[in-house]
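Breakdown of the fold
Read off the chains here:
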Amino acid sequence: AQSVTQPDIHITVSEGASLELRCNYSYGATPYLFWYVQSPGQGLQLLLKYFSGDTLVQGIKGFEAEFKRSQSSFNLRKPSVHWSDAAEYFCAVGVAAGNKLTFGGGTRVLVKP
Amino acid sequence: DTAVSQTPKYLVTQMGNDKSIKCEQNLGHDTMYWYKQDSKKFLKIMFSYNNKELIINETVPNRFSPKSPDKAHLNLHINSLELGDSAVYFCASSRTEGPAGELFFGEGSRLTVL
């Protein structure tokens, strides 16, 4: 069975600084990988996804993620965070059938002025 | 116009009661889901329906019964509520049954069982 680990529960970053969120997955086949963001009191919104091809994926809101098969990782990055990026971020891995996503435990990002 | 809408947004009830949460999507998707998010923000799939047919049923107590009257609606009924049922329940939909479908989530229904 697939699993996803987000090692950092909380991250605090200053506005304008860079951000990197870690995600490690465990899955026997080629993974389908996703990053979602959840703002307070809201549902989840897809930031980006990786299925195949270029291992550096661009998403919305200036985010990007890099798939590294050798490290079983799919880390999310943003060069310069804005106060509006304060939210909970979830990494997820999908399987071949049934569109069943397995989510990591989430990383809460706090942005300091 | 909300793409995936859930009602109610908040639900406070006593142990032992029965309650329902409704979900509707206007995206024309054919697959809908229920996810449960616990107090530690952990998200877990409960059910998935494709064109009104159940395709994913995780290890969920049979007190939880989903119903899909048509492909735009997926309701969740919970019998004999327990304290551990307190959580945020998210409805979601996607275009296809395969892994490529992006999930569109509702805003969640926060259930508190006293």
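All of these numbers come straight from a predicted model, not from anything done at the bench. (Residues numbered from 1 in each chain as written. Chains lettered and ligands numbered in written order. Predicted model: local features only at pLDDT ≥ 70, side-chain atom pairs only at ≥ 80, totals over all residues. Heavy atoms only, no water.)

Overview of the layout of surface pockets
Over the atoms rolls a probe the size of a water molecule, and its path tells where empty space is left. Residues and elements named next belong to chain B. Applied cut-off: Cavities and pockets are found on a 1 Å grid laid over the protein atoms alone: a cavity is a set of points where a 1.4 Å probe fits but cannot escape, a pocket is an open set with protein on both sides within 12 Å along at least five of seven lines, and a lining residue has an atom within 4 Å of such a point. Grid points are joined across faces, edges and corners, and a volume is the space filled by probe spheres set on the points. In DSSP terms, a helix is any run of H or I states spanning at least four residues, a strand is any run of E spanning at least two, and both are numbered starting from the N terminus. Note that Gly is not counted as nonpolar here; it falls among the polar residues with everything else outside the nonpolar set of Ala, Val, Leu, Ile, Met, Phe, Trp, Tyr, Cys and Pro and the charged set of Asp, Glu, Lys and Arg.
Approximately 300 Å³ is the volume found for the largest pocket. In terms of lining residues, the largest pocket is bounded by 19 residues, among which Gln37, Lys41, Val88, Phe90 and Arg110 are the most central. Where the lining of the largest pocket is concerned, the elements lending two or more residues are β9 (87-94) and β11 (109-113). Considering each element in turn, the lining of the largest pocket owes the most residues, 4 residues, to β11. A per-class count over the lining of the largest pocket returns 5 nonpolar, 9 polar and 5 charged.

Focus on the pairing of strand β5 (residues 43-50) of chain B
Residue and element names in this part refer to chain B. Counted only if it meets this: A simple rule labels every residue: compare its accessible area, found with a 1.4 Å probe on the protein chains alone, to the largest value its type can have, and call it buried under 20%, exposed over 50%, or partly exposed in between. Pairing between strands is defined by DSSP: at least two bridges between them are needed.
Burial of β5 is extensive: 7 of the 8 residues sit out of reach of the surface. The turn joining strand β4 (residues 31-37) and β5, which pair antiparallel and follow one another in sequence, is formed by 5 residues; a positive phi near 70 degrees is taken by lysine 41. Across 4 bridges, β5 lies against strand β6 (residues 53-57) in antiparallel orientation. If you follow phenylalanine 47 over to β6, its bridge partner there is asparagine 57. Counted along the chain from β5 to the antiparallel partner β6, the turn is 2 residues long, and its residue asparagine 51 has a positive phi close to 50 degrees.

Observations concerning the pairing of β9 of chain B
Residues and elements named next belong to chain B. By the criterion of burial, β9 is predominantly enclosed, with 8 of the 8 residues buried. Burial of the side chains of β9 extends over both faces: Ala87, Tyr89, Cys91 and Ser93 are buried on one face and Val88, Phe90, Ala92 and Ser94 on the other. Strand direction decides the pairing type here: β4 and β9, joined by 7 bridges, are antiparallel. Note that in β9 the partner of glutamine 37 across the bridge is valine 88. Bridge analysis of β9 against β11 gives 3 bridges, and the strand direction is antiparallel. If you follow tyrosine 89 over to β11, its bridge partner there is serine 109. Of the strand pairs in this sheet, β9 and strand β10 (residues 104-105) are connected by 2 bridges, and their pairing is antiparallel. In the strand pairing of β10, serine 93 is matched with phenylalanine 104.

What to know about the interface of chain A and chain B
This is how it is decided: In what follows, residue pairs with any heavy atoms lying within 4.5 Å of each other are defined as contacts. Once two parts are put together, the accessible area they lose, assessed with a 1.4 Å probe and summed over both, is termed the buried area.
Each partner contributes to the interface: chain A provides 23 residues, whereas chain B provides 25 residues. Interface of chain A and chain B: buried area, both sides summed, is about 1,900 Å²; carbon and sulfur atoms make up 55% of it. Looking at the side of chain A that touches chain B, the elements with two or more residues in it are β5 (32-38), β6 (44-50), β10 (87-94) and β11 (101-103) of chain A. Among the elements that make up the side of chain A that touches chain B, the one with the highest residue count is β5 of chain A (4 residues). Residue composition of the side of chain A that touches chain B, by class: 12 nonpolar, 7 polar and 4 charged.

So, the pattern of salt bridges
Charged atoms that come close allow side chains of opposite charge to pair. Convention followed: For this document, the term salt bridge refers to a Lys or Arg side-chain nitrogen within 4 Å of an Asp or Glu carboxyl oxygen.
Counted under the stated rule, the structure contains 9 salt bridges over all chains. With a shortest N-O distance of 3.3 Å, arginine 77 of chain A and glutamate 64 of chain A are connected by a salt bridge. Taken together, the residues span a long stretch of sequence, with arginine 77 of chain A in strand β9 (residues 73-78) and glutamate 64 of chain A in strand β8 (residues 64-68) at a distance of 13 residues. Measuring nitrogen to oxygen at the nearest pair gives 3.5 Å for the salt bridge that ties arginine 63 of chain B to glutamate 82 of chain B. A residue pair is termed long-range when its members are at least 10 positions apart, and arginine 63 of chain B in the loop between β6 and β7 (64-70) and glutamate 82 of chain B in the loop between β8 (73-78) and β9 qualify at 19 residues. For arginine 63 of chain B, a relative accessible area of 14% corresponds to the buried category.

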